[in-house]
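# Descriptive structure summary
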Amino acid sequence: MRLPRPYLVAFGAATFAAASLLGSGSASAAGPDYVALGDSYSSGTGAGNYDPNSGSCQRSANAYPNLWAASHATSSYKFVACSGATTTTVASGQLGALSSSTTLVSVTAAATTPGSPTSCRPACCSRTPRARAG
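My aim in this report is to walk through the structure given alongside it, one point at a time.

### Describing the overall build of the chain
In terms of helices and strands, the chain carries six helices and three strands. Going from N to C terminus, the chain has its helices and strands arranged as α-α-β-α-α-β-α-β-α. Buried residues in the chain amount to 32% of all 134 residues. For the chain, restricting intrachain contacts to residue pairs at least 6 apart in sequence, the fraction spanning at least 24 positions comes to 64%.

Here you go:
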């Protein structure tokens, strides 16, 4: 079975993150070099308190990457998630934030795009209990 390109991009980013974590012994002792990539789920759209410098990306101080970074010791933190990002724009515009010193990556992409496996429209959600039961 061949996976569609968006899945391959997400898999590649996850693989890169895992390899980075495995390959960095001493850097992780000082805290991870964290990069937050993705779409509105990552940027915190709807959470309010937006960084005025983020423009239409709507990066919120209340977004989960910011909350995680604030509650953990990190060596560095880059927050490049952007509302409206797709797997294509994450791959073409956000992966540049990763470096050889990156040890932790969070990423969401196309989570609310109709037809993506992670989107849940009312018709889909209403069928889920029946599918599990039958």
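Picking up where we left off.
### As for the packing of aromatic side chains
For the structure on display, the rule yields three aromatic pairs. Ring plane angle 15° and centroid distance 6.0 Å describe the contact between Tyr 77 and Phe 79, whose orientation is recorded as stacked. Exposure remark for Tyr 77: the relative accessible area of 28% places this residue in the partly exposed category. A network of ring pairs unites the aromatic residues Tyr 34, Trp 68, Tyr 77 and Phe 79 as a single cluster.

### Concerning the pairing of strand E1 (residues 33-38)
Most of E1 sits out of view: six of its six residues are buried. Burial along E1 is two-sided: the residues Asp 33, Val 35 and Leu 37 and Tyr 34, Ala 36 and Gly 38 are all buried. Pairing of E1 with strand E2 (residues 76-79), which is carried by four bridges, proceeds in the parallel orientation. Residue pairing in the sheet places Val 35 in a bridge with Lys 78 of E2.

### As for the sheet that holds strand E3 (residues 104-108)
What links the strands of a sheet is backbone hydrogen bonding, and the strands pair in either a parallel or an antiparallel sense. Strand order in the open sheet made by the three strands is E2-E1-E3, with parallel pairing throughout. Edge positions in the open sheet fall to E2 and E3, since each of these has one partner strand only. On average, adjacent strands in this sheet sit at an angle of 10° to one another, irrespective of strand direction.

### Examining the nonpolar core
One finds Val 35, Leu 37, Ala 85, Val 90, Ala 97, Leu 98 and Val 105 forming the largest nonpolar core, which totals seven residues. Ranked by size, the runner-up nonpolar core spans six residues in total, among them Tyr 34, Ala 36, Ala 69 and Phe 79.

### Observations concerning the state of the cysteines
For the coordinates displayed, the defined rule picks out one disulfide. Bridging Cys 57 to Cys 82, the disulfide has an S-S length of 2.0 Å. Between Cys 57 and Cys 82 the disulfide shows an S-S torsion of about -85°. By sign, it is left-handed. Remark: Cys 82 occurs in the loop between E2 and helix H5 (87-93) and Cys 57 occurs in the loop between helix H3 (40-43) and helix H4 (64-71); sequence separation between them is 25 residues. Looking at Cys 57, the relative accessible area reads 12%, which means it is buried.

### Describing the environment of Gly 31
You can see Gly 31 is positioned in the loop between helix H2 (25-29) and E1. Taking C-alpha positions, Gly 31 is 4.4 Å from Thr 74, a pair spaced 43 residues apart along the chain. Once residues within four sequence positions are removed from consideration, Gly 31 is found in contact with Ala 73, Thr 74 and Ser 75.

About the thresholds
Residues numbered from 1 in each chain as written. Predicted model: local features only at pLDDT ≥ 70, side-chain atom pairs only at ≥ 80, totals over all residues. Heavy atoms only, no water. Helix = DSSP H or I, 4+ residues; strand = E, 2+ residues; numbered from the N terminus. Buried < 20%, exposed > 50% of the residue type's maximum accessible area, 1.4 Å probe, protein only. Contact = heavy atoms within 4.5 Å. Phe/Tyr/Trp six-rings, centres within 6.5 Å; stacked < 30°, edge-to-face > 60°. Pairing = 2+ DSSP bridges. Axes fitted to C-alpha atoms, helices over the stretch in contact; angles between N-to-C directions. Core = buried A, V, L, I, M, F, W, Y, C linked by side-chain atoms within 4.5 Å. Disulfide = S-S within 2.5 Å.

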